[in-house]
Amino acid sequence: MSQVDIHNDNGLKLTGGQLFDPERGLVANPGLLIRNGRIDEIGASVQEAEAGSEMNADGHVIAPGFIDLCCNLREPGNGQKGNIASETRAAAHGGFTTVCASPETSPVIDSGAVTNLILDGAASRGAVRVLPIGAITRGLEGELLSDMAGLSAAGCVAVGNGSRGVRNARILRRCMAYAQTFGLTVMFSPENSALAADGYAHDGQVATRLGLLGIPEVAETAAVMEMLLLAEETGVRLHLSQLSCARSVDMLAEARQRGVNVTADVAMHQLAFTEEALSGFDSRFHVRPPLRSESDRQALVAGVRAGILDAIVSQHQPHDSAAKQAPLPATEPGLSSIESVLSLGLELVDRGELELSGLLAALTTGPARVLGRHFALQKGALADLCVFDPRSRWLPSSQTLVSAGLHAPVMDRSLPGVVKLTLVEGREAWRASEVVL
């Protein structure tokens, strides 16, 4: 994709439409002027300002660029599943301007050298900002602690375990205590590996009917409780990634009331789908943690609505076609999801389950808060923004998807929400003319 750099021209003027203001919600756009990679002015005076280019955003929403706390870029690693160039461009198509790269690369992000490799690749070939998450143990093997201070110095914004477990509670406690001494946030996807065993579906009615090996809710909730208690003891900043159970949301809320320094996120597919998606043995929906019951889904949505769950993530995991074509138990878990997060969220808004402002907060200010950052549309701020039309529709297909992974959660069905423009520090990362409608 050609990228137009507007840093050195007379800027870009956005008129019309609505701005997403975290404090006030959606407000009329008085005019927004971008110059030299930053927001130069917001207000009525913009209407008379000279600019090198102008966009009429009537009927559109102008929001801070979305931030994804969990994205697999597949680099370094298996290039046929994707790479920094393809997956960051897919992120820009979805309205994301910042993605946190999962430590599950090959080799894993457990050294400054691998961190620098990713950052250099993102600088030269990435369409959006890439923030690496360092591995909390060497090789993500759950035994020896990684050089967390070195990872932080190299540019990792947090440390975590990806989707892999830590060997035992003693090592987990050491990880948290060590991270706390350096002021690092730890990001854990909670799962008790012994209870999850070889399961690959929610241990419920669908798994029983289809004869699938189940993963019980307690595999997550037992790990959540353990992590909350250890975080309370060590004082570490804990982030629970990709929660899937109603009980997990309850425990999170109770821990916060006790003063535990904990945040959490949920993957969009957990808000949009349930275990019923596996009824046709659809390997796309082999995900981990598994899609659970409708009551769990409703509790997760309520957790976002109430602000208990801070962020919505893509949990983007692109695969080559072979990884999803085997019998369901033999397929690899994960959805190619970053391009459809906004659209699936807008469907929740259309059904009255979420407010548009709440959806946007969970994609912008919520994840920014987890990272200890502040992204907003205000004068002087970096021009990271997304302009989308919530009423226009698009059709996910092999022609319209940008990711190397074509196993999106919804294919060949019209979806709401077309991202018309994504800017990263004022640089054009995506323009809708590239979408085949």
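Treat the numbers as computed from the prediction; the structure is a model and nothing was measured.

Chemist: Would you mind going over the overall build of the protein with me for this structure?
Modeler: Scanning the protein from terminus to terminus reveals 13 helices and 20 strands. Taken over C-alpha atoms, the radius of gyration comes to 21 Å for the protein, in line with the 22 Å a tight globule of 437 residues would show. Taken over the C-alpha atoms alone, the protein extends approximately 65 × 50 × 45 Å along its principal axes. Burial statistics for the protein: of 437 residues in total, 59% are counted as buried. Pairs at least 24 residues apart make up 74% of the contacts formed inside the protein by residues separated by at least 6 positions.

Chemist: What am I meant to see in the environment of A223 here?
Modeler: Mapping A223 onto the fold places it in helix α7 (residues 218-234). Taking the C-alpha atoms as reference, A223 lies 9.1 Å from S193; in sequence the two are 30 residues apart. In this structure A223 touches P190, E191 and N192, once residues within four positions along its chain are discounted.

Chemist: It is not clear to me how helix α11 (residues 341-350) should be interpreted in this structure. Could you clarify?
Modeler: An α-helical segment advances 3.6 residues per turn. Residues three or four places apart therefore align on the same side. Most of α11 is tucked away: nine of the 10 residues are buried. Buried residues of α11: V341, L342, S343, L344, G345, L346, E347, L348 and V349, and no others. Phi for G352, located one or two positions after α11, is positive at around 80 degrees.

Chemist: I would appreciate a short explanation of the pairing of strand β9 (residues 96-101) in the present structure.
Modeler: A large share of β9 lies buried, amounting to six of its six residues. For the crossover that starts at strand β8 (residues 66-71), traverses helix α1 (residues 84-93) and ends in the parallel β9, the hand is right-handed. Pairing of β9 with strand β10 (residues 129-135), which is carried by four bridges, proceeds in the parallel orientation. Bridge assignment links A101 to a residue of β10, and that residue is P132.

Chemist: Explanation requested: the packing of helix α4 (residues 169-181) against α7 in the structure shown.
Modeler: Any two packed helices are characterised by the angle at which their axes cross and by the distance between the axes. Where α4 contacts α7, the axes come no closer than 10 Å and their chain directions differ by 40 degrees. Compared by their axis directions, α4 and α7 come out oblique. Taken as a pair, α4 and α7 cross one another with a handedness that is right-handed. Along its contact with α4, which presents A169, L172, R173, M176, A177 and Q180, the element α7 presents E226, M227, L230, A231, E233 and T234.

Chemist: Honestly, the confidence of the model for the protein in this entry has me stumped. Any pointers?
Modeler: In low-pLDDT regions, the fine details of the predicted coordinates are not to be read closely. Summing up the model confidence of the protein, the mean pLDDT is 94 and the portion of residues at 70 or higher is 97%. A low-confidence stretch, residues 1-8 stays under pLDDT 50, and its non-local contacts, those more than four residues away or across chains, total 21 contacts.

Chemist: So what exactly am I meant to see when it comes to the sheet that holds β9 here?
Modeler: Pairing in this open sheet of eight strands is parallel, and the strands run β8-β9-β10-β11-β12-β15-β16-β17 from one edge to the other. Strands at the two margins of the open sheet, each flanked by one partner only, are β8 and β17 (311-313). Each strand axis lies, on average, 30 degrees off the axis of its neighbour in the sheet, ignoring direction. Where β8 lies against β9, four bridges are found, and the strand directions are parallel. When the bridges of β9 are listed, I67 appears paired with T98.

Chemist: What exactly am I supposed to notice about the packing of α1 against helix α2 (residues 112-125) here?
Modeler: Contact geometry of α1 with α2 gives a least axis separation of 10 Å together with a crossing angle of 65 degrees. Where α1 crosses over α2, the two elements pack in a sense that is right-handed. On α2, the residues that touch I84, A85 and T88 of α1 are I118, G121, A122 and R125. Its residues placed into classes, the contact of α1 with α2 shows four nonpolar, two polar and one charged.

Chemist: What's the story with the sheet that holds strand β6 (residues 53-56) in this structure? I'm lost.
Modeler: Pairing between the strands of a sheet comes from backbone hydrogen bonds, and it takes one of two forms, parallel or antiparallel. Pairing within the open sheet is mixed, and its four strands lie in the order β5-β4-β1-β6. Each end of this open sheet is capped by a strand with a single partner; those strands are β5 (38-42) and β6. The average undirected angle you get between the axes of adjacent strands in this sheet is 20 degrees. Relative to strand β4 (residues 32-35), strand β1 (residues 12-15) runs antiparallel, the two sharing three bridges. Looking across to β4, one finds that L12 is bridged to I34.

Chemist: How do you make sense of the packing of aromatic side chains when you look at a structure like this?
Modeler: The geometry of two aromatic rings is summed up by the distance between their centres and the angle between their planes. One pass over the structure, following the stated rule, counts four aromatic pairs. Between F66 and F96, the ring centres sit 5.6 Å apart and the planes meet at 80 degrees, which makes this aromatic pair edge-to-face. Note that F66 is positioned in strand β8 and F96 in strand β9, a separation of 30 residues in sequence. Ring plane angle 90 degrees and centroid distance 5.0 Å describe the contact between Y178 and F182, whose orientation is recorded as edge-to-face. Since its relative accessible area comes to 28%, Y178 is described here as partly exposed.

Chemist: Is there a simple way to think about the environment of L401 in this case?
Modeler: For L401, the location among the structural elements is in the loop between β18 (385-394) and β19 (415-424). By relative accessible area, which is 10% here, L401 ends up buried. Taking C-alpha positions, L401 is 9.4 Å from S340, a pair spaced 61 residues apart along the chain. Setting aside residues up to four positions removed in sequence, L401 forms contacts with E339, W394, P396, L406, A408 and M411.

Chemist: In this structure, what is going on with the nonpolar core? I would like to understand it.
Modeler: Across soluble globular proteins, you tend to see nonpolar side chains buried next to one another. In this structure, L238 and L359 are the most contacted members of the largest nonpolar core, which totals 98 residues. Per-element tally for this core: the top contributor is α11, with six residues. Discounting residues that sit within four places of it in the chain, L238 has contacts with M176, V186, F188, M227, L228, A231, N261, V262 and T263. Core analysis: the second largest hydrophobic core is formed by 17 residues, L32, I34, A57 and L423 among them.

Rules and cut-offs
- Residues numbered from 1 in each chain as written.
- Predicted model: local features only at pLDDT ≥ 70, side-chain atom pairs only at ≥ 80, totals over all residues.
- Heavy atoms only, no water.
- Helix = DSSP H or I, 4+ residues; strand = E, 2+ residues; numbered from the N terminus.
- Rg over C-alpha atoms; globule rule 2.2 N^0.38 Å.
- Buried < 20%, exposed > 50% of the residue type's maximum accessible area, 1.4 Å probe, protein only.
- Contact = heavy atoms within 4.5 Å.
- Right-handed = clockwise from strand over helix to strand, strands pointing away.
- Pairing = 2+ DSSP bridges.
- Axes fitted to C-alpha atoms, helices over the stretch in contact; angles between N-to-C directions.
- Parallel < 35°, antiparallel > 145°, perpendicular 65-115°, else oblique.
- Left-handed = near helix turned anticlockwise from the far one by under 90°.
- pLDDT = per-residue confidence, 0-100.
- Nonpolar A, V, L, I, M, F, W, Y, C, P; charged D, E, K, R; others polar.
- Phe/Tyr/Trp six-rings, centres within 6.5 Å; stacked < 30°, edge-to-face > 60°.
- Core = buried A, V, L, I, M, F, W, Y, C linked by side-chain atoms within 4.5 Å.

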